[in-house]
Amino acid sequence: MSFLIVLLCMGVLIVLLTWGKLNAFIAFLIVSVLAALLLGMPADKIPASLQKGIGDTVGGLLIIIVLGAMLGKLVAESGAARQIANSLMQVFGEKYMQWALLIAGFIIGIPLFYGVGFVLMVPLIFSVVYQYKLPAVYIGLPTLAALSITHGFLPPHPSPTALVTQFNANMGLTLLYGLAVAIPALLLAGPFLARYLKYMPSTPSSLFQQQEVNDTPLPGKSNSFMTALLPVFLLIITTLLAHLFSGGNETTHRWILFAGDATVVMLFALLIATFSLGVFQQRPVKKIMGIYAEAIKDIAMILLIIAGAGALKQVLADSGVSLEIANAMQSWHIPVLVLGWLTAAIIRACVGSATIAGITAAGMIAPLMLQGHVNPNLMVLSVGAGSLMFSHVNDAGFWMFKEYFNLSIKNTLLSWSVMETIVGTAGLFGVLILDRFV
């Protein structure tokens, strides 16, 4: 009966988000209260459960996501993202322009949130398409696949960061494993798939025929690359150092763990960026702080969605149904990593949002993961891969790609939707292969 109630509540959530067009945070709160009542929680305990779920989920993420948003916004506003793309295009030349944009999308996608990266990269893609008379989908799809992969697999993006917290994973190890899974997935969903879409008809808007003119001098190449990738370098280095010194001096080990904490890494990276892309580029501190304030507006709704999903997760935990579901799922004889991927994929197909799919699936799978002794870092990536699965008409990214590239719905399904499905499937296979070695 409890399982049916949870399914009913998931159905109500999907209806509220899709048919009802309700704000995701409000929808999560309504469904959380409904689930609590149907599962027999005492009415006076429900508010405390909601507050605990929101506090526990957002409390560990707020600093990382906010600092990550600020860094990404500065990388975009300072021109560092444009410098990275321009530099790679100069190095690779016309023959390998697709690879130049793909690598640019991957590097830029690490600090930038998906929507910002999409809007930033599309004018660059179309300027190349018009300048060199190249097929738009063939050139653009691999770049956007790179943005999607970083969004689903790599911290400090909101969804993988939230999953790291939910599964008690290690941010640095998740990033290392994420890179190992992301690169093969990107090659399959990017250049390999694009070869078969080379002649897909696309007439992009003439709005992007001329590249945007900006008189502001761009930051240097080394400065742009190093600042954008600094959080990645720091997380990887401190994770490796923590393993090397794990049996050594305790004081040294403690300092390494402190330096490798995601919050400390993001704060240090942002402080460096404030000077390297801000003060040293003759930008007043007041203007830099204005950029940071704008960044917070960009992520406010993402944080609220994560908070709402946290409330639902806590209700399921406090009512005891999470444990019931975990015990029931154990009899299915499906590996937990596959089950996490499948749960996220189903929710993604129904709701459209990768973030909602990942966080909601995590709340249902977490108890099962603990019982099955699954590597939490791989669990993050498995659920992340599932959350990127088949994107169709209920996903904003689907419509952005369709309208920017001026495609029919059929061709958008054959290009964008297939790309996202390859990313999600290749991600799962990558996780299962890693699971045999770690």
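Here, residues in each chain are numbered from 1, in the same order as that chain's written sequence. Totals for whole chains, interfaces and linings use all residues, but because this is a predicted model, local features are given only for residues with pLDDT of at least 70 and pairs of side-chain atoms are given and counted only at 80 or more. To obtain the side-chain values, all non-hydrogen atoms of the structure were used and water was disregarded.

(A) Geometry of the overall build of the protein chain. Numbering goes from the N terminus for both helices and strands, where a helix is a DSSP run of H or I of at least four residues and a strand is a run of E of at least two. For the protein chain, the count of helices and strands is 20 helices and zero strands. The dimensions of the protein chain, computed from C-alpha atoms along their principal axes, are 65 × 60 × 45 Å. The buried label goes to any residue with under 20% of its type's maximum accessible area, the exposed label to any with over 50%, and the partly exposed label to all in between, with areas taken from a 1.4 Å probe on protein chains only. Counting over 438 residues, the protein chain shows a buried share of 56%. Note on contacts: a residue pair is in contact if any heavy atoms of the two residues lie within 4.5 Å. Taking the contacts inside the protein chain whose residues are at least 6 apart along the sequence as the reference set, 80% of them involve residues at least 24 apart.

(B) Spotlight on the nonpolar core. Throughout this description, the term nonpolar core refers to a set of buried Ala, Val, Leu, Ile, Met, Phe, Trp, Tyr and Cys residues connected via side-chain atoms within 4.5 Å. By size, the foremost hydrophobic cluster in this structure holds 152 residues, and its most contacted members are Phe106, Ile125, Phe153, Phe167, Met379, Phe405 and Trp416. If you tally residues by element for this core, the top one is helix H14 (residues 285-318), at 13 residues. Not counting residues up to four positions away in its chain, the partners in contact with Phe167 are Ala362, Ala366, Met369, Pro376, Met379, Val380 and Val383.

(C) Layout of the pattern of salt bridges. A pairing counts as a salt bridge when a side-chain nitrogen of Lys or Arg comes within 4 Å of a carboxyl oxygen of Asp or Glu. One pass over the full model with this rule turns up five salt bridges. For Lys52, the salt bridge goes to Asp56, with nearest N and O atoms at 2.7 Å. Taken together, the positions of Lys52 and Asp56, both in helix H3 (residues 46-59) and four residues apart, correspond to about one turn of that helix. Salt-bridge contacts for Glu250 lead to Arg254; the nearest nitrogen and oxygen are separated by 2.7 Å.

(D) Molecular detail of unusual backbone geometry. The backbone of Asn168 sits at a positive phi, close to 55 degrees, despite the residue not being glycine. Here Asn168 is to be found in the loop between helix H9 (158-166) and helix H10 (171-194). The backbone phi angle of Asn406 is positive, close to 55 degrees, even though this residue is not glycine. The residue Asn406 is located in the loop between helix H19 (396-405) and helix H20 (409-435) in this model.

(E) Seen up close, helix H16 (residues 336-351). With 16 residues, H16 ought to run about 22 Å at 1.5 Å a step, and its terminal C-alpha atoms sit 22 Å apart, in line with that. Where H16 is concerned, the buried positions are Val336, Leu337, Leu339, Gly340, Trp341, Thr343, Ala344, Ala345, Ile347, Arg348 and Val351. The positive-phi residue at the C-terminal boundary of H16 is Gly352, with phi of around 100 degrees. Under the convention used throughout, the expected extent of a helix is 1.5 Å for every residue step, that is, one less than its residue count.

(F) Quick peek at a nonpolar patch on the surface. The patches described consist of residues with a relative accessible area above 30% and no salt bridge, like charges being joined within 9 Å and nonpolar side chains (Val, Leu, Ile, Met, Phe, Trp, Tyr) within 5 Å. To measure how exposed things are, a 1.4 Å probe is used in the Shrake-Rupley method; for residues, cover is taken only from the protein chains shown. A surface patch of nonpolar side chains, about 560 Å² in accessible area, is lined by Met226, Phe233, Ile237, Leu241, Leu244 and Phe245. Among the secondary structure elements, Phe245 is positioned in the loop between helix H11 (221-244) and helix H12 (250-260).

(G) The arrangement of the confidence of the model for the protein chain in detail. Here the protein chain averages 85 in pLDDT, and 94% of its residues register 70 or above. For every residue, the predictor states its confidence as a pLDDT score lying anywhere from 0 to 100. Predicted confidence is poor over residues 209-213, with pLDDT under 50, and the contacts of this stretch with residues over four places away or in other chains come to four contacts.

(H) Structural detail: the packing of aromatic side chains. Classification of ring pairs rests on two measures: the distance between centres of Phe, Tyr or Trp rings, Trp counted by its six-membered ring, which must be within 6.5 Å, and the angle between planes, read as stacked under 30 degrees, edge-to-face over 60 and tilted in between. Within this structure, the stated rule accounts for nine aromatic pairs. Relative to Tyr196, the ring of Phe192 lies with its centre 5.5 Å away and its plane at 70 degrees, an arrangement referred to as edge-to-face. Both rings, one in Phe275 and one in Phe280, keep their centres 5.7 Å apart while their planes meet at 50 degrees; by these two values the pair is tilted. Residue classification places Phe275 among the partly exposed residues on the basis of a relative accessible area of 42%. Accessibility expressed as a relative area gives 58% for Phe280, which makes it exposed. The rings of Phe118, Phe126, Phe401, Tyr404, Phe405 and Trp416 are connected pair by pair, giving a single aromatic cluster.

(I) Expanded view of the packing of H10 against H20. In this description, a line fitted to the C-alpha atoms serves as the axis of each element, helices being fitted only across the stretch in contact, and the angle between N-to-C directions of two axes falls anywhere from 0 to 180 degrees. Their axes nearest at 8 Å, the elements H10 and H20 cross at an angle of 145 degrees. The element H10 and its partner H20 pack so that their crossing is right-handed. Facing Tyr177, Ala180, Val181, Ala185, Leu188, Ala189 and Leu193 of H10, the residues of H20 in contact are Ser415, Val418, Met419, Ile422, Val423, Ala426, Gly427, Gly430, Val431 and Leu434. When its residues are assigned to classes, the contact of H10 with H20 shows 14 nonpolar, three polar and no charged. The sense of a crossing depends on the near helix, which, turned anticlockwise from the far helix by less than a right angle, makes the crossing left-handed and, turned clockwise, makes it right-handed. Put simply, Ala, Val, Leu, Ile, Met, Phe, Trp, Tyr, Cys and Pro go in the nonpolar bin, Asp, Glu, Lys and Arg in the charged bin, and everything else, Gly too, in the polar bin.

(J) Looking closely at the packing of helix H2 (residues 24-38) against H14. Remark: H2 packs on H14, axes separated minimally by 8 Å, with the N-to-C direction vectors making an angle of 5 degrees. Considering the angle they form, H2 stands roughly parallel to H14. Packed against H2, whose contacting residues are Ala24, Phe25, Phe28, Leu29, Val31, Ser32, Ala35 and Ala36, the element H14 presents Leu304, Ile305, Ala307, Gly308, Ala309, Ala311, Leu312 and Val315 at the interface. Here the residues of the contact of H2 with H14 are counted per class, giving 14 nonpolar, two polar and no charged. Just so you know how the angles are binned, under 35 degrees is roughly parallel, over 145 roughly antiparallel, 65 to 115 roughly perpendicular, and the rest oblique.

(K) Structural context of H9. Within H9, eight of the nine residues are buried, which leaves it mostly tucked inside the rest of the structure. Among the residues making up H9, those that are buried are Pro158, Ser159, Pro160, Thr161, Ala162, Leu163, Val164 and Gln166.

(L) Layout of the side chain of Thr355. Take Thr355: it is sitting in helix H17 (residues 354-372). You can call Thr355 buried: its relative accessible area is 10%. In this view, Thr355 contacts His151, Ser159 and Ile306; residues no more than four positions away in its chain are not counted.

(M) Local environment of the side chain of Thr238. Its location among the elements puts Thr238 in helix H11. The residues touching Thr238, leaving out its near neighbours within four places in the chain, are Ile256, Ala259 and Gly260.

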